[in-house]
Amino acid sequence: MIDNYVYVIVALLPLAALMLVFQVNPYNALVIRAILGAVSALVYAILGAADVALTEALVGTMLAVTLYVVAVRSSLVMRLGILKEFKIEKESYFEELIANLRKVINKYHLRLEIVEYSNSKALEQALMAKEVHATCIKQEQEQVDTQNQNSTTGIDIRQTYHTTIRVRRLFEIMKTELTFPETTLDYVTVSNEEDKH
Amino acid sequence: MDSILIAMILALLIPIYEAWQDDNIWQKMLAFASIATKTSIMMLVISVLRDDWSIGVVAVIILSVGEAGLMLLAHLIKQCRLG
């Protein structure tokens, strides 16, 4: 004999599963996976399988979700290498550029991590050694003589940034979606010969 | 006694709806906390109804360990949103 409430509780399981399937954000999907684990532990318990319910709650809800959050957090990231003096200068253009980058990659559920390097040679080496996915350096367009003229007339010097990306997909995303005129984008291929030995 | 459980299932549908329609991650975590506690309490009620001690022990373990897992998950998500 099966009680009536058992049917209602079992019907919650496909409901939670459909919620999980139609979720696109990875972090939200993991939280809903935890909800699915709690509901399925209840279903297993009322059907009489107490050991399966305990395993589902401990492994399915706790361990798997925690490990997946750690994995998603460390893989869905774009590491941007910058020079240390950028941070000290506190330029408005740079802050704006970082905000723009963050807005573009947030659409793809990525996260921006900024890595600081002391000089431009270390920055270049980090890009080649695949420590960072992209680098951002400053380049000044004006000549020295025009700079002097500007300082006398009081017009500020226009600075632009040069962003180098070594991941093709990131470069395609940035090329189509980053609408910030103060930076130029560049794609560079990094040979992976260190993987061979 | 069935009517108590039907009322608990209806109460369980409220956080499920909240988890479905709100896109904020912390609202979803809140709904998850609500669902995890409610399902464990439902298991306890069913174990008392059926006079089945093994389900009751499992429900208590899930109730206490589930809260610990929730805190761990909240710390991990908080770190990746800030950093």
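All values derive from a computational prediction rather than experimental measurement.

(A) Quick look at the overall build of chain A. Scanning chain A from terminus to terminus reveals 8 helices and 5 strands. Counting helices and strands in the order they occur from the N terminus, chain A gives α-α-α-β-α-α-β-α-β-α-β-α-β. Going through the 197 residues of chain A one by one, you find that 43% of them count as buried. Look at the contacts in chain A between residues 6 or more apart in sequence, and 62% of them connect residues 24 or more apart. With the model as given, the accessible surface of chain A reaches about 11000 Å², and the carbon-plus-sulfur share is 56%.

(B) Inspection of the overall build of chain B at higher detail. Within chain B, the secondary structure is distributed over 3 helices and 0 strands. For chain B, the succession of helices and strands along the chain, N to C, is α-α-α. Looking at chain B residue by residue over its 83 residues, the buried ones come to 39%. By element, 70% of the accessible surface of chain B is carried by carbon and sulfur atoms, the whole surface being about 4500 Å².

(C) Focus on the side chain of Arg-166 of chain A. Residue and element names in this part refer to chain A. On the secondary structure map, Arg-166 appears in the loop between strand E4 (159–165) and helix H8 (168–177). Among the polar contacts made by the side chain of Arg-166, one reaches the main-chain carbonyl oxygen of Val-132 at a distance of 3.0 Å. Excluding residues within four positions of it along the chain, Arg-166 makes contact with Leu-127, Lys-130, Val-132, His-133, Tyr-187, Val-188 and Val-190.

(D) Structural view of the pairing of strand E1 (residues 77–83) of chain A. Residue and element names in this part refer to chain A. Counted residue by residue, E1 has 6 buried out of 7 residues, so it is predominantly covered. Here E1 runs beside strand E2 (residues 111–117); their pairing, made up of 7 bridges, is parallel. What sits directly across from Gly-81, in E2, is Val-115.

(E) Geometry of the pattern of salt bridges. All names here are of chain A. Applying the stated criterion across every chain, the model contains 6 salt bridges over all chains. A salt bridge links Glu-113 to Arg-79; the shortest N-O distance between them is 2.8 Å. Of this pair, Glu-113 sits in strand E2 while Arg-79 sits in strand E1, and the two are 34 residues apart along the sequence. On the accessibility criterion, Glu-113 (25% relative accessible area) is partly exposed. Among the charged side chains, a network of salt bridges with common partners joins Arg-79, Arg-111 and Glu-113.

(F) Highlighting the interface of chain A and chain B. In this assembly, 35 residues from chain A lie in contact with 36 residues from chain B. Roughly 3200 Å² of surface becomes buried between chain A and chain B when both sides are summed, with 80% attributable to carbon and sulfur atoms. Taken together, the links from chain A to chain B amount to 0 salt bridges. Put simply, chain A and chain B have 3 residue pairs in polar contact (both at pLDDT 80 or more) between them. Looking at the side of chain A that touches chain B, the elements that each hand over two or more residues are helix H1 (4–21), helix H2 (26–46), helix H3 (50–75) and E2 of chain A. For the side of chain A that touches chain B, a count of residues per class yields 28 nonpolar, 5 polar and 2 charged.

Conventions adopted
- Residues numbered from 1 in each chain as written.
- Chains lettered and ligands numbered in written order.
- Predicted model: local features only at pLDDT ≥ 70, side-chain atom pairs only at ≥ 80, totals over all residues.
- Heavy atoms only, no water.
- Helix = DSSP H or I, 4+ residues; strand = E, 2+ residues; numbered from the N terminus.
- Buried < 20%, exposed > 50% of the residue type's maximum accessible area, 1.4 Å probe, protein only.
- Contact = heavy atoms within 4.5 Å.
- Areas by Shrake-Rupley, 256 points an atom, 1.4 Å probe, with all protein chains shown as cover.
- Polar contact = N/O pair within 3.5 Å; in protein donor to acceptor, adjacent residues only side chain to side chain.
- Pairing = 2+ DSSP bridges.
- Salt bridge = Lys/Arg side-chain N within 4 Å of Asp/Glu carboxyl O.
- Buried area = accessible area lost by both parts, 1.4 Å probe.
- Nonpolar A, V, L, I, M, F, W, Y, C, P; charged D, E, K, R; others polar.

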